[in-house]
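# Structural overview for review
Read off the chains here:
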Amino acid sequence: MDTIFSPTTILVLLALTAILYLASRAALPKPLPGIPYVPGSEKNLLGNLPLALAHTKHAGRFSSYFYKPAEDLGVPLLQLFMQPFGRPCLLLCDGREAQDLMTRRAHEFEYADFAIDLHRGAWPGTLAALKTNERWRANRRMLGETTTSRFVNSVGLEAMYRGAGELVELLALKARLARGEVFDVREDLKNATADIIWTYSYNGKLGAVSSQIEALNESNKLLDNQVLAAKLPDVLKAIIDISATSQIPLESPLGITHQKLVLRLTPKLRRATAVHDARLEHEVKQAAKRLSEKKLPADESAMASMLNRLQATFGDEIPASELKAVQNELALMMHAGQKTVADTTAWAFKYLAVHQDVQQKVRAELKAVFGNVSTIPKEDIIPANLPHCDAVAHEVLRHMPIIPCHIRTSLVDTQLLGHFIPKGTNVFMPPVGPSFTSPALPIDESKRTGNTTSRMWSHSHTDLDVFRPDRWLVKQEDGSVKFDNRAAPMLTFADGPRMCFGTKFAMLEFRVLLVVLLWHFELLELPRELVDFEANDFLTIEPRNTRVRLRVVERG
Ligand code: HEM
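The rules we used
Residues numbered from 1 in each chain as written. Predicted model: local features only at pLDDT ≥ 70, side-chain atom pairs only at ≥ 80, totals over all residues. Heavy atoms only, no water. Pairing = 2+ DSSP bridges. Helix = DSSP H or I, 4+ residues; strand = E, 2+ residues; numbered from the N terminus. Axes fitted to C-alpha atoms, helices over the stretch in contact; angles between N-to-C directions. Contact = heavy atoms within 4.5 Å. Near = heavy atom within 4 Å. Polar contact = N/O pair within 3.5 Å; in protein donor to acceptor, adjacent residues only side chain to side chain. Nonpolar A, V, L, I, M, F, W, Y, C, P; charged D, E, K, R; others polar. Donors = N, O, S within 2.8 Å, 3.2 Å for Na, K, Ca; no water. UniProt positions renumbered as here; feature names shortened; annotations may be inferred. Buried < 20%, exposed > 50% of the residue type's maximum accessible area, 1.4 Å probe, protein only. Expected span 1.5 Å × (residues − 1).

## Examining the sheet that holds strand β1 (residues 77-80)
Spatially, β1-β2-β8-β5-β3 is the arrangement adopted by the five strands of the open sheet, whose pairing is mixed. Pairing within the sheet leaves two strands with one partner each, and these edge strands are β1 and β3 (109-111). In this sheet, adjacent strand axes meet at a mean angle of 35 degrees when their direction is disregarded. Strand direction decides the pairing type here: strand β2 (residues 89-92) and strand β8 (residues 426-429), joined by two bridges, are parallel. Across the sheet, the residue bridging to L90 is V427, located in β8. Helix α4 (residues 95-102) contacts β2, β3, β5 (406-410) and β8 of the sheet and is inclined by roughly 130 degrees relative to β8.

Printed below as a string of structure tokens:
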């Protein structure tokens, strides 16, 4: 009798089994020699992915997986296998080594494609979407003046002060309508920071906060927590919708292709892109016209500064491609400078409501410095000596950095903490976890490449997991305290050539918001059920609950 297992069938089955076996072996992670990994991850075709998903389910967000395995294993450098067939990536959980890699070793470690992919879908050709190449340098030169303290402290301060003033008006109105109950400030903070960055960029008025004030004044009633009283300005709505798509490459297996398809094929986003591009193009064209008529002073706005700089190079005939570059960089600035500062301020509100003693210290300091004025004058904010306020700002940024990871790729075969790293390896460096918010993990000091001796990385830091602004203060002989920005570990803005372009702007804006808001409001304790530090990963690490209870402080 004939059997179905003819010799040919058996041979085919054997060959198939061999192919499957070889393919599954090929798909298994290929660890880099000597670098630790989570035990078992090397035997799983999906590497660390199942563990990362389990972590996300348990923690409610993915981003803490950037340091948790290092803490669990007690090692400052480990490898993760996040892509089947892909090469391992590294987690470097040591601030001092990460800083060295981003600064002194920037010629060996480039801004990663992974980071570029988060930006090039919506803001192609801009700083955050470029390698550190000639185009990136040209854009930096074009933006040059706008990063200087002189520019930020004048043009920036003007926008910040105006924006903070409007926010005070809105929150005072909401506090009155809330009658001592909690209300949500998430959208108010985002609207205020959008107004600020818009005014700084274009010297115009976006009107996101003022439209809420008008609508609330009319209705005289507070709507449900997250609901805005008035519609957002069209261009802001478009910016928010477009910005939201940059979460897609992080979550979709199709990455940036998925984001591009969504931007091109979704009617809502096509409309948003049309509204956004038309408005920004209009702003730049109008300004270019004023420039040619010699009516655009360089210190009017970031756009004016950039156009004047281009005029110095190209004369009155600035190429259309350069005007487009101005338009794109300003669009990126709106994205990069809005939610970042709003979320950081929202976190500050939460810390200050819980740590009433800290808030009282800052309030006392403001009172001692500014006396009894009804409104703090704009020009007094920068020169004021406010160590407690600066300490709070830095402690919020240290304890709750809103960008979960800085990423670089090795440009050459090199080494890290004594281990061989092949060219093209991604290194993820969280500004949180070991050496930032938990004790530094042991490192053989002879294996370090840098010899940074900054106090920032001193071994004497204690209770890094605790929110304690005083760690930033140094006692003086006369008993007073001085703020020291190297007193504690912080890399929230990254470092080196690809450090946050808006660091000076963000730090000043945060100071202005803290000073002005704490001058006019007391952040009262929240009901116990609303006290939490739960976070969501959405573009940045945002607080899940942004409700406050405010008491308006009568002044003057
Ligand atoms: C609390 C507020 C902010 C935080 C924590 C923050 C943090 C960061 C981080 C971590 C990066 C990436 C750095 C890297 O991977 O090396 C970055 C890039 C950038 N940030 Fe910020 N940022 C903030 C506010 C701002 C503001 C207000 C602006 C604009 C005025 C801005 C503009 C930019 C730009 C343009 C880039 C891209 C720079 C480049 O790739 O060369 N940021 N920021």
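## Observations concerning the site of the ligand
Around the ligand, the structure places 25 residues, and the nearest of them are W136, T344, R408, R498 and C500. Side-chain polar atom of R408 to an oxygen atom of the ligand: 2.5 Å apart, as the coordinates give it. Elements with a minimum of two residues in the shell around the ligand: α15 (320-354), β5 and α19 (503-520). Counted by class, the shell around the ligand contains 17 nonpolar, six polar and two charged residues.

## Points about the coordination of the iron atom of the ligand
Protein coordination of the iron atom of the ligand is limited to a single donor, C500 (SG), positioned at 2.3 Å. Structurally, C500 can be placed in the loop between β10 (481-483) and α19.

## Details of the UniProt feature "binding site: heme" (unreviewed entry) in the chain
In this numbering, the UniProt entry assigns the feature "binding site: heme" (unreviewed entry) to C500. We classify C500 as partly exposed; its relative accessible area is 34%.

## Quick look at helix α18 (residues 387-399)
For α18, which comprises 13 residues, the first-to-last C-alpha distance of 18 Å matches the rise-based estimate of 18 Å (1.5 Å per residue) to within 8%. Across the 13 residues that make up α18, a large majority, 13, are buried.

## Quick word on α19
Compared with an ideal rise of 1.5 Å per residue, which puts 18 residues at 26 Å, α19 spans 26 Å between its outermost C-alpha atoms and is within 8% of the ideal. Taken across its 18 residues, α19 has 16 buried, putting it largely inside the fold.

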